[in-house]
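Geometric and topological summary
Chain by chain, the residues run as shown.
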Amino acid sequence: MSYISEQQIIRIKKLEKLRKLGINPYPSKEYNITTTVQKIKNNFLENDKISIAGRLMRLRILGKATFGNIKDHTGCIQIYFNKYNLYTKGINKKDVYNIIIKKLLDIGDIIGIIGILFKTKQNEKTVYVHKITILSKSIRPLPQVKKDKNKIIHDIFSNVEHRYRMRYVDLIVNDNIKDIFFKRTKIIKKIKNFLDVKGYIEVDTPILQLIPGGAIARPFVTHHNSLNIPLYLRIANELYLKRLIVGGFHGVYEFSKNFRNEGMDRNHNPEFTVLELYVAYKDYYWMMNFTEKIIKYIFKIFKNICYKAPFKRITILESIKEYTGFDLNNMDKNNIIKICRKLNIKENNNIDKNKLIENIFEEKCKKNYTDPTFIIDYPIEMSPLTKKHRDNKNLSERFELIINGQEIANAYSELNDPIDQLDRFKKQINNEKKIFKNYSMLIDKDFIRALEYGMPPTAGIGIGIDRLVMLLTNNKSIQEVLLFPQMKQEQEYKF
RNA sequence: GACCUGGUAGCUCAGCUGGUAGAGCAUUACACUUUUAAUGUAAGGGUCCUGGGUUCGAAUCCCAGUCAGGUCACCA
């Protein structure tokens, strides 16, 4: 009884054989390469001598000749061995081919090769290997994903559980995966660049917080031993960035890893990334214009879509009117409940009025907005950190950006009246007792104090980076755009 | 948290109303000097997710658990 598969045992034996031959299967010395696969292919010159390193992905032994494929970080190229002209340090020449190549080399091994470029009869760019160095022996068999002449992929490594748990294997054998993450990094860089050019400052604010503020969500709780206090992983960084605006920064932003102890699904991972940006002396109208610029810029680059600004702007109540025919303006809760019933939307007396409005929007309206649309002017109670609307005391100066039926950004004219803010925090805690009963929720009085010193009028926005990347890379699941999505412990780890 | 679906060889999967576990690729051996999903011949490889139950007999039926996916709830 063993947890080691037959194939692994065979590979471990090969490892021992290599050592007996005097070959270290895990050498420490730097390996010099002169080029990459991509460069070779782009500037192919027959008889060039090159040195590259990478992973052996395929081996085709034909007696006295052997073909293989080696993959480095830029691509995959065919290599060719035969029993003449092959050299490995310290090994009898004829043994190199007969023993090392034919018997001890495995798919998955990481090797360095020095050789001469040529083209085969089939016109395939190939490296004629003169010297091979084993750089790292692989003792676990790689899934064999194969592509046929028609580029149809066979036996694709597709089990998502395996792919997410062993992302390293996913990255090795599934060609398109790396691109998603290259793109993710590029998207973030482009946005940073866009903001830097405007003179906004990237900052770091605490991940461990005394009071998890700036949103309502169950936080992850941890404990500081020497201070003997609970600390919370941030659910948002909003209140800290606003403190910086109080402190005199003109514009600040942070790509914030936030943590929420909530359910997981294809749109939610316990840790996720949000870009938060705050700019002094602006309001949410300015922020809509600014958001249009970022979104247009990013979608042009990464999807080659040219959205036209201004994007559609519609108040949430108008949107509901448009898609349901019901005008909720000035309507009391009882009447809204009646409408929910008519629309077949879950309702009961315990659900907050604004939550009902939001549910109607989510169910009946949101999915209709495929082109970028600003949903604006939410009821005031839904937005405790937002300024009252300048023209309507029941509304707030807030917008959400919807693209493809997905909420991508949330922004406001930031509330900077300290007395109003304290009042709203108190109301919010009353409204959300159900959520707060499991941990002691405190009002962030230091944040109120900061506002008391005076925060300039400010516009702020949060952009969900994971969802943006999903949109730009055509992925339907957040796990596909996170290198290591959250997983439960495997019950049995096979060694 | 609820419900539905799934977990079989390294990978991708088949396995009917219960009767000693199958394929392709991968692996091993032999053959083969231009292959590229190499080919040909032969062979080996299994905790059928875990635990319990029903049964003469369970991969298969039942119960519980576990992991994953999906739908819903939660996530202003």
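The structure presented is a predicted model; accordingly, all values stated were derived computationally and were not measured. (Residues numbered from 1 in each chain as written. Chains lettered and ligands numbered in written order. Predicted model: local features only at pLDDT ≥ 70, side-chain atom pairs only at ≥ 80, totals over all residues. Heavy atoms only, no water.)

Lining the immediate environment of RNA strand B, one finds 61 residues, of which Tyr-3, Gln-122, Glu-161, His-268 and Glu-358 sit closest. The sugar and phosphate moieties of RNA strand B supply 61% of its atoms located within 4 Å of the protein. Between RNA strand B and Lys-14 there is a distance of 2.5 Å, counted from a phosphate oxygen to a side-chain nitrogen or oxygen. Here a phosphate oxygen of RNA strand B sits 2.7 Å away from a polar atom, N or O, in the main chain of Lys-488. Among the secondary structure elements, those contributing two or more residues to the surface near RNA strand B are helix H1 (6-20), strand E1 (49-62), strand E2 (65-72), strand E3 (75-82), strand E6 (146-147), helix H4 (160-165) and helix H11 (353-365). For the surface near RNA strand B, the residue count by class is 20 nonpolar, 16 polar and 25 charged. (Near = heavy atom within 4 Å. Polar contact = N/O pair within 3.5 Å; in protein donor to acceptor, adjacent residues only side chain to side chain. Helix = DSSP H or I, 4+ residues; strand = E, 2+ residues; numbered from the N terminus. Nonpolar A, V, L, I, M, F, W, Y, C, P; charged D, E, K, R; others polar.)

In spatial order, the strands read E1-E2-E3-E5-E4; together these 5 strands close into a barrel with mixed pairing. For this sheet, the mean inter-axis angle between neighbouring strands, taken without regard to orientation, is 55°. For strand E4 (residues 110-119) and strand E5 (residues 125-136), the ladder comprises 10 bridges, and the chain directions are antiparallel. Residue pairing in the sheet places Lys-119 in a bridge with Lys-125 of E5. (Pairing = 2+ DSSP bridges. Axes fitted to C-alpha atoms, helices over the stretch in contact; angles between N-to-C directions.)

Ile-191, Leu-195, Leu-277, Phe-399 and Leu-468 are the most contacted members of the largest nonpolar core, which totals 45 residues. With 9 residues, the single largest contributor to this core is helix H8 (residues 284-303). One finds Val-37, Val-96, Ile-101 and Leu-117 within the second-largest nonpolar core, a separate group that totals 27 residues. (Core = buried A, V, L, I, M, F, W, Y, C linked by side-chain atoms within 4.5 Å. Buried < 20%, exposed > 50% of the residue type's maximum accessible area, 1.4 Å probe, protein only.)

Where interface size is given, it is often the accessible area lost as the parts come together that is meant. What the domain assignment reports for chain A is domain 1 (6-142) and domain 2 (177-311 + 371-481). With centres defined by C-alpha atoms, the gap from domain 1 to domain 2 works out at 50 Å. (Domains from an automatic or database assignment.)

Moving on: H11. Three or four residues apart is the spacing at which side chains of an α-helix point the same way, because the helix has 3.6 residues per turn. With 13 residues, H11 should reach 18 Å at 1.5 Å per residue; the first-to-last C-alpha distance of 17 Å fits that figure. The set of residues buried in H11 consists of Asn-354, Leu-356, Ile-357, Asn-359, Ile-360, Phe-361 and Cys-365. In this fold, the buried residues of H11 make contact with helix H9 (316-324), helix H10 (333-343), strand E15 (373-376) and strand E16 (398-403). (Expected span 1.5 Å × (residues − 1). Contact = heavy atoms within 4.5 Å.)

On to the pairing of E3, then. Residues in a regular strand project their side chains so that they alternate between the two faces of the sheet. Most of E3 is tucked away, with 6 of its 8 residues classed as buried. Across 8 bridges, E2 lies against E3 in antiparallel orientation. When the sheet's bridge partners are listed, Phe-67 is paired in E3 with Tyr-80. As consecutive antiparallel partners, E2 and E3 are separated by 2 residues. Relative to E5, E3 runs parallel, the two being bridged by 3 bridges. Following the sheet pairing, Gln-78 is matched in E5 by Thr-126.

One pass over the structure, following the stated rule, counts 29 salt bridges. For the salt bridge of Arg-11 with Asp-106, the shortest nitrogen-to-oxygen distance reads 3.9 Å. With Arg-11 in helix H1 and Asp-106 in the loop between helix H3 (93-104) and E4, the pair connects residues that are 95 residues apart, well separated along the chain. Both residues of the pair, Arg-11 and Asp-106, belong to the buried class. (Salt bridge = Lys/Arg side-chain N within 4 Å of Asp/Glu carboxyl O.)

A cluster of like positive charges, contributed by Lys-13, Lys-17, Lys-20, Lys-64, Lys-83, Lys-102 and Lys-103, occupies part of the molecular surface. Those elements that provide at least two residues to the positive patch are H1 and H3. In terms of residue count, the dominant contributor to the positive patch is H1 (3 residues). Of note, Lys-83 is situated in the loop between E3 and H3. (Patch = residues over 30% accessible without salt bridge, like charges linked within 9 Å, V, L, I, M, F, W, Y side chains within 5 Å. Areas by Shrake-Rupley, 256 points an atom, 1.4 Å probe, with all protein chains shown as cover. Lys, Arg positive; Asp, Glu negative; His and termini not counted. Charge placed at Lys NZ, Arg CZ, Asp CG, Glu CD.)

Another point: the side chain of Thr-36. For Thr-36, the position within the fold is in the loop between H1 and helix H2 (37-42). Residue Thr-36 is classed as buried on the basis of its relative accessible area of 10%. Residues contacting Thr-36, with those up to four places away along its chain left out, are Ile-52, Asp-72, His-73 and Thr-74.

Of note, the bond from Ala-309 into Pro-310 is cis; its omega dihedral lies within 30 degrees of zero at -5°. Its location among the elements puts Pro-310 in the loop between H8 and strand E14 (312-315). For Asn-304, which is not a glycine, the phi torsion comes out positive at approximately 55°. Using a relative accessible area of 54% as the deciding quantity, one classes Asn-304 as exposed. Phi is positive for Asn-330, which is not a glycine, with a value near 60°. Owing to a relative accessible area of 67%, Asn-330 belongs among the exposed residues under this scheme.

A few words now on the packing of aromatic side chains. In the structure shown here, the tally under the stated rule is 16 aromatic pairs. On the numbers, 5.2 Å between centres and 75° between planes, the contact of Tyr-80 with Tyr-128 is edge-to-face. Placement of the pair is Tyr-80 in strand E3 and Tyr-128 in strand E5, with a sequence separation of 48 residues. There is no split in this pair, since Tyr-80 and Tyr-128 are both buried. Judged by centre distance (5.8 Å) and plane angle (65°), the ring pair of Phe-194 and Phe-290 falls under edge-to-face. Residue Phe-194 is found in helix H6 (residues 177-197), and its partner Phe-290 is found in helix H8; the two are separated by 96 residues along the sequence. Judged on exposure class, the residue Phe-194 and its partner Phe-290 are both buried. The rings of Phe-194, Tyr-200, Trp-286, Phe-290 and Tyr-297 are connected pair by pair, giving a single aromatic cluster. Looking at Arg-243, its charged tip hangs above the ring of Tyr-240, at a distance of 4.5 Å from the centre. Note that Arg-398 overlies the ring of Tyr-378, its terminal NZ or CZ placed 4.3 Å from the centroid. (Phe/Tyr/Trp six-rings, centres within 6.5 Å; stacked < 30°, edge-to-face > 60°. Lys NZ or Arg CZ within 6 Å of the ring centre and 35° of its normal.)

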